[in-house]
Amino acid sequence: MKVGVLCSGGKDSLFACMCAMQEEEVACLITVFPDNPESYMFHTPNLHVVRLQARAAGIPLVAGTSRGREEEELADLSRTVAEAVERHGIEGVVTGALQSVYQASRVQAICRDLDLWCFNPLWYADPGEYMETLVSSGFDVIVSAVASEPFDRTWLGRRLDRAALQDLRRYAERYGTSLPGEGGEYETLVLDAPFFRHRIVIGEAEAVWQNFRGVFHVKEAWLEGDA
Amino acid sequence: MILLAGLGFRDAALLRSEFVRPVARVAGHWGAEWSYCHYSRLPDDPADGYDAVILCGTALKDTGYLREIGRFSWLIEAPVPVLGICAGMQVLSLVHGGTLRPACEIGMVDVRVLCPNPVLPALPSFQAYALHRYSCDPPPGWTTLAVSETCVQAVSHPHLPLFGVLFHPEVRNGVVIERFLSLVYHGKEGEGEEGQDAPPSGHG
């Protein structure tokens, strides 16, 4: 089945993409770019890196736009998915939803209206097992934003490796934060994945952090070998 | 050993990970051993060697199982307890003479409990995750255990331990699966508190 993967550039969408690639044909990535940086649904730091990820994976990107008004964002996503159907003939949509009923229900409803399959391969996966698999299966993931205690500025740009996972486990125990950042505690950016032909290299970035909220702004990046 | 039956239109990894694995996770956490089989590969006597069967749900767009309802005739005289989830409840109802009607729910719904029963939370109502395009009119003689504003949400056989829930208990209501397992292994009603029941000896 030809499917399109909703992609925010973070670990969950690209891990879900890998899951989908194992049995189905991933015909495109689908991303909505908000004009408004305060976008309710689509705001993700470093969303522009998705274009590099799509090139790295050799998968076409269907890029939609949104004015970032909350009441219009679902229609914006729906329009973009419809465009993916038209351009790539997808029959289904794949998301990286972990436990967010809010997010999953909205995509399910869009898929129902467009008569598409909706797949959520990470749905209610065991957080520990998922994170363990993620750090041990050839992904290069960095933390691109933090939004809660106890994530200090050293987390910005930090690679999600075994040591980081160890810290995340400690935080989960001590502070009740979600191990995969499901509560928005931190956001991630994927620089390499097992299905990427080239890794993404960050040339210039700026970390901005204050009072346990911060963003790692990627200002310049390219595919290895492109420079 | 619990048999988890996959009801997807094909035995696809994407459907297994979304609709079977979360159920397996609850069962495993509770202490039950389980094994998975897609419905198309079930043997003639699927319950043989198992303590209970859980029929897992499938994707919203999936109606493949409805075209192969004959494969589920073993449920008519199911020799072990069965919990049908979403598509599984539809199958259980159809095999026993119930009917389906179009009724779509997506997302959290209020479920009102109509009568005390062994598997649902011991509450007048609770929130549950629904993801279905059809609901069931229960088979003759079956008990409607719970309803949402739109449709029947839970049913049980009048005498046998056969239960159907239209909502997805693996999402936020793992206690329903735990209470079912408690009924299977301890022959009693669960206490309704997550994690309260000890794993059955010899099955953990």
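Note: the structure precedes this text.
First things first, this report covers the structure right here in the doc. All figures in this text were calculated on a predicted structure; none of them were measured in a lab.

A closer look at the sheet that holds strand S6 (residues 140–146) of chain A
Residue and element names in this part refer to chain A. The sheet built from four strands is open, its strands ordered S7-S6-S9-S8 with antiparallel pairing. The open sheet has two edge strands with one neighbour each: strand S7 (186–192) and strand S8 (200–210). Going from strand to strand, the sheet's axes swing by 30° on average, the running direction of each strand aside. The pairing of S6 with strand S9 (residues 213–223) spans two bridges and is antiparallel. From the neighbouring strand, valine 146 faces S9, where its bridge partner is glycine 214. Lying on the sheet, helix H2 (residues 49–57) is in contact with S7, S8 and S9; it crosses S9 at an angle near 45°.

A word on the sheet that holds strand S5 (residues 117–119) of chain A
All names here are of chain A. Pairing in this open sheet of five strands is parallel, and the strands run S3-S2-S1-S4-S5 from one edge to the other. Looking along the sheet, the strands with just one partner apiece sit at the ends: strand S3 (61–66) and S5. Taking the axes of each pair of neighbouring strands and ignoring which way they run, one obtains an average angle of 25° across the sheet. Pairing of strand S2 (residues 25–34) with S3, which is carried by six bridges, proceeds in the parallel orientation. Bridge pairing in S3 links valine 32 to glycine 64. The strands that helix H3 (residues 70–88) touches are strand S1 (2–6), S2, S3 and strand S4 (92–94); relative to S3, the one it contacts most, it runs at about 155°.

Rules used throughout
Every residue gets a number counted from 1 within its own chain, in the order that chain's sequence is written. Chains and ligands are labelled by the order in which they are written, letters from A for the one and numbers from 1 for the other. Whole-chain, interface and lining totals are the exception, using all residues; otherwise, since this is a predicted model, local features are given only for residues with pLDDT of at least 70 and side-chain atom pairs are given and counted only at 80 or more. With hydrogens and water excluded, all non-hydrogen atoms of the structure serve as input to the side-chain values. Think of it this way: DSSP has to see at least two bridges between two strands before they count as a pair. The way it works is that DSSP assigns letters per residue, a run of H or I at least four long becomes a helix, a run of E at least two long becomes a strand, and they are numbered from the N terminus. A fitted line through C-alpha atoms serves as each axis, taken over the contacting stretch for helices, and the angle formed by two N-to-C directions is quoted from 0 to 180°. Contact definition: two residues touch when any of their heavy atoms are within 4.5 Å.

None of the figures reported here should be taken as evidence of function without further support.
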